[in-house]
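Residue strings, one per chain:
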Amino acid sequence: MALTNVEVPAGDLTGRRVLVTGANSGIGRELAGRFAAAGAEVIMAVRDLEKGRAAAQQIERSTPGATLRLLLLDLASLTSVAGLAETLIGEGAPLDILVNNAGVMALPERQVTAEGHEMQVGSNYLGHFALTAHLLPLLRAADGSRVVSMSSVGRRLARTDLDDLQGVDYQPHRQYLRSKLALLLFARELDRRSRAGGWGVGSIAAHPGFTISNLQVTGPGPHDPQMRFARLTYRWKFMWQQPGAGALPALYAATSPDARSGAFYGPAGTGEMTRGVKPAKVPPPALDQDSARRLWALSEDLTDVRFPA
């Protein structure tokens, strides 16, 4: 299967409730806009409310009457994660789609979250792990809910190292890819546990290929050699795409009746860099179920958040 058309219809999402992390820019904003245009109530979970308001206004200009809601979420703080979840749990409305999208990339120096976890693994992975666990009751309350977790085209270069998940031996790009491999392992393990426990929650991974976004600038900084080279090649259309195209695999994973729980989707073009949607290759480390179970147990310990047994 390969969908090389430039559009993936989101269908009719009227009455559905969707939460997108990192919805103020890039792929997150594109997804929020597509969900809103399809009639969904979209919760835009953002770290910067001012940027979130600007993104919401942009969506409202293209989709008058869009149902949008801004909520503060700092994935580098498990207290913030729990606070957002507590608000939504208190309201009790089912959650149909959760897109674990937000992230930071290749920070030049090792930084830590509020709880002392390495920032990339803490924000990109552990924060989303905890968020999904907290919101599981709302996901289970919905009919056919889905969790979409964003991995990376570079996950093939990553290796599982549970002895140094926190990146004590810190290398910026290696740690970023480690966090994205962790998300892929998590997505597949969540599918297995949902099936075994009868949770009724689909779990699908996606990646955006080579998509131009703020991520390549705000994280590595202007002097990172890999990102400097990347920016020089932005004009190469066979290699890079805009966020609207980069969002298609996640949109397909979240909304298509043909998307399978436990699957992984990315662009259909050469090297999974651009153009459309097709099943992505799962690298050998992400197929290791023992590593997935060990990562899951470690993540529960690090976040002090538990999924059902």
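For the structure itself, look to the data block above.
Starting from 1, residues in each chain are numbered consecutively following that chain's sequence as written. The model is predicted, so local features are restricted to residues of pLDDT at least 70 and side-chain atom pairs to those at 80 or more, both for listing and for counting; the totals for chains, interfaces and linings are taken over all residues. Only heavy atoms go into the side-chain values, all of them from the structure, while hydrogens and water stay out.

> I'm lost on unusual backbone geometry in this one. Help?
Where the residue is not glycine, phi is negative for most of them; where a peptide bond is considered, it is trans in most cases. For A106, which is not glycine, the phi torsion reads 50 degrees and is therefore positive. Note on A106: relative accessible area 0%, which makes it buried. Although it is not a glycine, E272 sits at a positive phi angle of roughly 55 degrees. A run of H or I in DSSP becomes a helix once it reaches four residues, and a run of E becomes a strand once it reaches two; helices and strands are each numbered from the N terminus. For E272, the location among the structural elements is in the loop between β7 (264–266) and β8 (278–279). Throughout this description, buried means an accessible area under 20% of the type-specific maximum (1.4 Å probe, protein chains only), exposed means over 50%, and partly exposed covers the range between.

> Could you clarify how one ought to interpret the nonpolar core in this entry?
The nonpolar side chains of soluble globular proteins are, as a tendency, buried together. Residues belong to one nonpolar core when they are buried, are Ala, Val, Leu, Ile, Met, Phe, Trp, Tyr or Cys, and are joined through side-chain atoms within 4.5 Å. Within the largest apolar cluster, 47 residues are counted, with the highest numbers of intra-cluster contacts made by L19, Y125, L135 and F307. Among the elements that line this core, the one with the most residues is helix α4 (residues 119–141), at eleven residues. Contacts of L19, omitting those with residues within four sequence positions, involve I43, A45, L84, L88, L95, I97, L98, V99, L131 and L135. By the convention used here, residues are in contact when the closest approach between their heavy atoms is within 4.5 Å.

> What is the right way to read the pairing of strand β1 (residues 17–21) from this model?
The element β1 is largely enclosed, with a buried count of five among its five residues. Alternating residues of β1 divide into R17, L19 and T21 and V18 and V20, and every residue in both groups is buried. Whether two strands pair comes down to DSSP finding at least two bridges between them. As paired strands, β1 and strand β2 (residues 41–46) are joined by five bridges and run parallel to one another. When the sheet's bridge partners are listed, R17 is paired in β2 with E41. If you view a crossover with the strands going away from you and the path from the first strand over the helix to the second runs clockwise, you call it right-handed. Regarding topology, helix α1 (residues 26–37) serves as the crossover connection from β1 to the parallel β2, and that connection is right-handed. In terms of strand pairing, β1 meets strand β4 (residues 97–100) through three bridges, oriented parallel. Bridge pairing in β4 places V20 opposite V99.

> When you look at the sheet that holds strand β6 (residues 201–206) in this model, what are you seeing that I'm missing?
Sheet strands associate in pairs through backbone hydrogen bonding, adopting either a parallel or an antiparallel arrangement. Here we have eight strands laid out as an open sheet, ordered β3-β2-β1-β4-β5-β6-β7-β8, and mixed in their pairing. Looking at which strands have only one partner, the edges of the open sheet turn out to be β3 (67–72) and β8. Only the stretch in contact is used when a helix axis is fitted, and all axes are lines through C-alpha atoms; the angle between N-to-C directions ranges over 0 to 180 degrees. Seen against the sheet, helix α2 (residues 49–62) touches β2 and β3 and runs at an angle of roughly 170 degrees to β3. Strands in contact with helix α3 (residues 78–91) are β1, β2 and β3; relative to β3, the strand with the most contacts, it is inclined by about 140 degrees.

> So what exactly am I meant to see when it comes to helix α5 (residues 172–197) here?
Along an α-helix, a turn takes 3.6 residues, which lines up residues three or four apart on a common side. When the terminal C-alpha atoms of α5 are compared, their 37 Å separation across 26 residues agrees well with the 38 Å that a helix rising 1.5 Å per residue should span. Most of α5 is tucked away: 19 of the 26 residues are buried. Within two residues after α5, G198 carries a phi angle of roughly 65 degrees, on the positive side. A helix is expected to span 1.5 Å for every residue after the first.

> Looking at this structure, how should I read the pairing of β4?
The alternating pattern of β4 places I97 and V99 and L98 and N100 on opposite faces, both of which are buried. Examined bridge by bridge, β4 and strand β5 (residues 145–150) share four bridges and lie parallel to one another. Paired with V99 across the strands is V148, a residue of β5. After leaving β4, the chain enters α4 and then returns to the sheet as β5, a path that is right-handed.

> Help me understand the side chain of S203 in this model?
Along the chain, S203 falls in strand β6. What qualifies as a polar contact is a pair of N or O atoms within 3.5 Å, subject to a donor-acceptor requirement within protein and to the restriction that residues adjacent in sequence count only when both atoms come from side chains. At 2.7 Å, the side chain of S203 and the backbone oxygen of A187 are in polar contact. Aside from chain neighbours lying at most four places away, what touches S203 is V147, A187, L190, D191, S261, G262 and A263.

> Got a minute to help me understand the pattern of salt bridges in this structure?
A pair can form between side chains of opposite charge whenever their charged atoms are brought close. When a carboxyl oxygen of Asp or Glu lies within 4 Å of a side-chain nitrogen of Lys or Arg, that pair is called a salt bridge. Counted by the stated rule, this structure contains ten salt bridges. The partner of R17 in a salt bridge is E91, with the nearest N and O atoms 3.0 Å apart. Of this pair, R17 sits in strand β1 while E91 sits in helix α3; the two residues are 74 residues apart in sequence, bridging distant segments of the chain. Here E91 makes a salt bridge to R69, at a shortest N to O gap of 2.5 Å. Note that E91 is positioned in helix α3 and R69 in strand β3, a separation of 22 residues in sequence. Overlapping salt bridges bring together R17, E41, R69 and E91 as one network.

> How should the side chain of S80 be read in this particular structure?
Relative to the helices and strands, S80 is located in helix α3. Judged by relative accessible area, which is 19%, S80 ranks as buried. Within the structure, the side chain of S80 is placed 2.9 Å from the backbone nitrogen of D74, a separation counted as a polar contact. If we ignore the near neighbours within four places in the chain, the residues touching S80 are L72, L73 and D74.

> What am I meant to see in the environment of G200 here?
Note on placement: G200 falls in the loop between α5 and β6. In sequence terms G200 and D143 are 57 residues apart; their C-alpha atoms lie 7.7 Å from each other. Once you skip the residues sitting within four places of it in the chain, G200 turns out to touch G144, S145 and S194.

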